[in-house]
Amino acid sequence: MATSPVDDELSLISKGLYRKVSDIVGPECIVVLRRQSNDTPDAFINCASNNKETRVLSGSKAEGFDFESSDFDFMFIERNAIVCTSDIHTTTPMYSTPTILIMETENVSPGFAFIRCLRCEQNNELLKDSLVLRTTGMYISSRHIRESFMSTSISTCHGPCQTSTILGYEGDNAFTLRCPVWPKEAISFVNRSLRQGWPSLDTLTHICKDGCLMVPINSKQQQYSDMTDLQWRISFSLAEKTLVHSMNHCQFLCYGLSKLFLNEVLKKESPYEDLLCSYFMKTAVFWEISDNPSDWSPLNFLFKFWNVFRLLINWVSIGYCPNFFIPENNMFQGKIYGETQVTLLDTLRDIYMDGYWSLLRCPSLHDSISKLITQPEIAYTLSCDELEYVPLSMIEKHKLHSMLQFNVSINVTKTEEIIKILIKTLLMMKTDSAEIKCAVRLRINHVLQAYAQNLFLSPKPTYFNKSRNRMMYKDYKAAKTILCRTQTYFCMNYFILIQQMYMTGNYHRAIEMIHYTRHKLQSQLYMYGWTLDDDIIMTASQQGMSYDTVVKSLIVSDIDMYENTVIEELKLECLAYNQTVGGDLLSIQPLVFLNFILFLCYTRISENHRRYDILDELHTLLHHNDGHHIRTLDKAISWEILGICQQLCGDLHGAYQSYLHALDDEYNYFKQATVARINSLGIY
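Reading the values: the criteria
- Residues numbered from 1 in each chain as written.
- Predicted model: local features only at pLDDT ≥ 70, side-chain atom pairs only at ≥ 80, totals over all residues.
- Heavy atoms only, no water.
- UniProt positions renumbered as here; feature names shortened; annotations may be inferred.
- Helix = DSSP H or I, 4+ residues; strand = E, 2+ residues; numbered from the N terminus.
- Buried < 20%, exposed > 50% of the residue type's maximum accessible area, 1.4 Å probe, protein only.
- Contact = heavy atoms within 4.5 Å.
- Areas by Shrake-Rupley, 256 points an atom, 1.4 Å probe, with all protein chains shown as cover.
- Axes fitted to C-alpha atoms, helices over the stretch in contact; angles between N-to-C directions.
- Parallel < 35°, antiparallel > 145°, perpendicular 65-115°, else oblique.
- Left-handed = near helix turned anticlockwise from the far one by under 90°.
- Nonpolar A, V, L, I, M, F, W, Y, C, P; charged D, E, K, R; others polar.
- Salt bridge = Lys/Arg side-chain N within 4 Å of Asp/Glu carboxyl O.
- Expected span 1.5 Å × (residues − 1).
- Arc of directions from axis to C-beta.
- Core = buried A, V, L, I, M, F, W, Y, C linked by side-chain atoms within 4.5 Å.
- Pairing = 2+ DSSP bridges.

An unreviewed UniProt entry lists the protein under the name Mab-21-like HhH/H2TH-like domain-containing protein, with Pinctada imbricata given as the organism. Among the UniProt annotations of the protein, the heading Sequence similarities (unreviewed entry) holds the following wording: "Belongs to the mab-21 family."

Here it is, written out as structure tokens:
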């Protein structure tokens, strides 16, 4: 049967739309790199043996998106507790953990459960304090867990999550308990997958093997029950992440277009902006793929998206959104009903009446679709290779970025801890990815460097004897050997040595090292980890430089200071940061760091004219910052450092102005320290 000219034209527009969405979301190879770069830091962090929870990235970042609205969502899975279903014998080796919990799904809404405690570890204070006695046993209170997990003063409660914005990144952190078996309540998903052929058998096996998670939030249907605070939601976040990763690129782009349409059209035009969420769109995409797993291509990309939108409208019309794993769980329950349901349905139908051209309402798609409508032949000339074409510079840049993402900060204080971390990290070398191998080597150097930094800079005892002096000398010698043989970023080992020289009173040697380091930075082309330069990357690639060499010789990173290694002059800021955020890490821009230490050294040896020269350099660097040398996230601590220098020079008015700049910065998480320094001026 021949297709109509209208269908042919729509197929061409669909093809062009596919290319545009691919440009926005990212081509397949870049999406894979994103997933790789976002997942691997968790593997590094989870190497630490003292963590009580396993951290797992979830949400849109983990799925492979990089929209402006994409945030970092983390699940923290309790390591020493396990949830088992009521029909499983807890004497099996799988359940040898200190804390054993039982999932009970009777007398509760579909998709939710009570968690009864069978055995609780003595030193697990969080779970012990959350126990509530009922006639049938001791249960874990989801409300108590939620409230206890709110750890910092900048966090708010959002559903089962702790929501916070740190250094410009918004994220949700959720405490979870793990059930290692697939729950019987979700057996219909398994049967449907086997029948429909999506996901594949291997993917389905992997999903079932991961089991499910329990998150501390109650059902909206039973909010007034005396058992409300004991309800937990059965979460399939791990399964959803696996399903998204198993999508072909056309399916993934359809999911991306659905998120784009939601944020730019549906939420903007609906009087109830928060009624619809991306999870509903993802569920609709899952159902569409499950019902029609084959025949996904650029030519029918537009039609597939329209099926997803039509499915959403149908759900709103009947007031029922079936969970993909437990269809009996209506996710609209308590949210979309009554007058709000009618109003939302009218809005969606108005948009639907515009047909495919409702996509013109998307600002990010408007120009491209308008051009495709008037000149559909543009899409006709696009070959399959052109649809998937990615510039080499973009690939190299993302590979490099993925490696820098791996190198998360770490504070290592014990020898046995570093050995365990290194052993677990080395196991990650069993991969075909050159980027991951390079990242692992970089990570090993980073861990060793952090250990050396602790040997060098951690507080020393106030009393000395011959034996202790010998031990300290061995520590210094070991640390220096490690620093000489390991390198992460360009000049990073010099920065640590400079800090050590200043903290031990070796001011003249520190000054020499600072001038040497500044000369290296001035005489060589380099880039900061947060502003990767396309030209430098391509030049390095053309010269055949390995990823290791590029990272070590061309990239400069911030200097990390922890509470136990920070210099005396910044302890106030580090303590305030810890109280606000719950972490003890201060990051300082390299040039600001070098000038600050140089200023302090000149102050210590009373070379006042030279310290004024350095103060002028710092002043110029801050007041004429173009965003290249000092990124937005580093401005607050940079202004604080300038204020400290001005105060030490007696310029109290200048110090006051600098402290005000720091205080007004949205990324200042040490405001208590800034206020204390302003008060110490005693002039206002």
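After presenting the structure, the write-up continues.
(A) Seen up close, the overall build of the protein. In terms of regular secondary structure, the protein is built from 29 helices and 16 strands. A burial count over the protein gives 53% of its 684 residues as buried. Contacts in the protein between residues at least 24 apart in sequence constitute 69% of all its contacts with a sequence separation of at least 6. Surface exposure of the protein reaches about 30900 Å², of which carbon and sulfur atoms provide 52%.

(B) Focus on the packing of helix H28 (residues 652-664) against helix H29 (residues 671-681). For the pair H28 and H29, the least separation of the axes is 10 Å and the interaxial angle reads 160°. For the element pair H28 / H29, the angle class is roughly antiparallel. The hand of the H28/H29 crossing is left-handed. Within the contact between the two elements, H28 uses Leu-652, Ala-655, Tyr-656, Tyr-659, Leu-660, Ala-662 and Leu-663 and H29 uses Lys-671, Thr-674, Val-675, Arg-677, Ile-678 and Leu-681. Residues belonging to the contact of H28 with H29 are distributed by class as follows: ten nonpolar, one polar and two charged.

(C) A look at the pattern of salt bridges. Applying the stated criterion to the full structure yields 18 salt bridges. The partner of Arg-19 in a salt bridge is Asp-23, and the shortest N-O contact between them spans 3.2 Å. Taken together, the positions of Arg-19 and Asp-23, both in helix H1 (residues 5-25) and four residues apart, correspond to about one turn of that helix. A relative accessible area of 51% means that Asp-23 is categorised as exposed. Of the charged contacts in the structure, one is a salt bridge between Glu-573 and Arg-677, with a shortest N-O distance of 2.5 Å. Of this pair, Glu-573 sits in helix H24 (residues 571-581) while Arg-677 sits in helix H29, placing them 104 residues apart in sequence. Given the relative accessible area of 0%, Glu-573 is considered buried. A single salt-bridge network, built from bridges that share partners, covers Glu-63, Glu-240 and Lys-282.

(D) Focus on helix H12 (residues 338-353). With 16 residues, H12 ought to run about 22 Å at 1.5 Å a step, and its terminal C-alpha atoms sit 23 Å apart, in line with that. Looking only at H12, the buried set comprises Gln-341, Leu-344, Leu-345, Thr-347, Leu-348 and Ile-351. Across the axial projection of H12, the buried residues extend over an arc of 165°, all falling on one side. Along H12, the residues that are exposed and aim more than 90 degrees away from the buried face are Glu-339, Asp-350 and Met-353. Where the residues of H12 are buried, they touch helix H9 (249-269) and helix H11 (301-318). Following H12 by one or two positions, Gly-355 adopts a phi angle in the positive range, close to 70°.

(E) Region of the structure containing the nonpolar core. Grouped together as the largest cluster of nonpolar side chains are 90 residues, with contacts concentrated most on Leu-266 and Phe-325. The element contributing the most residues to this core is H9, with eleven residues. Not counting chain neighbours up to four residues away, the residues in contact with Phe-325 comprise Trp-182, Glu-185, Ala-186, Ser-188, Phe-189, Phe-236, Ala-239, Glu-240 and Leu-243. Core analysis: the next-biggest nonpolar cluster, separate from the first, contains 61 residues, Tyr-507, Ile-559, Phe-593 and Leu-622 among them.

(F) Representation of the environment of Val-285 within the structure. The topology assignment puts Val-285 in helix H10 (residues 278-291). In this structure, the C-alpha to C-alpha distance between Val-285 and Leu-311, residues 26 residues apart in sequence, is 9.1 Å. Filtering out sequence-adjacent residues up to four positions away, Val-285 remains in contact with Met-247, Gln-251, Tyr-255, Ser-258 and Val-308.

(G) Broad picture of the pairing of strand S3 (residues 81-85). Burial within S3 is extensive, with five of its five residues counted as buried. With burial as the criterion, each face of S3 is covered, one bearing Ala-81, Val-83 and Thr-85 and the other bearing Ile-82 and Cys-84. Both S3 and strand S4 (residues 99-104) contribute to a ladder of five bridges, which runs parallel. Across the sheet, the residue bridging to Val-83 is Leu-101, located in S4.

(H) Fine view of the pairing of strand S5 (residues 112-119). Two strands pair when backbone bridges link them, and S4 and S5 are joined in this way by five bridges, in the antiparallel orientation. The residue bridging Met-103 from the neighbouring strand is Ile-115, located in S5. Pairing analysis gives three bridges linking S5 to strand S12 (residues 231-235), with the strands arranged antiparallel. Bridge pairing links Ala-113 to Trp-232 in S12.

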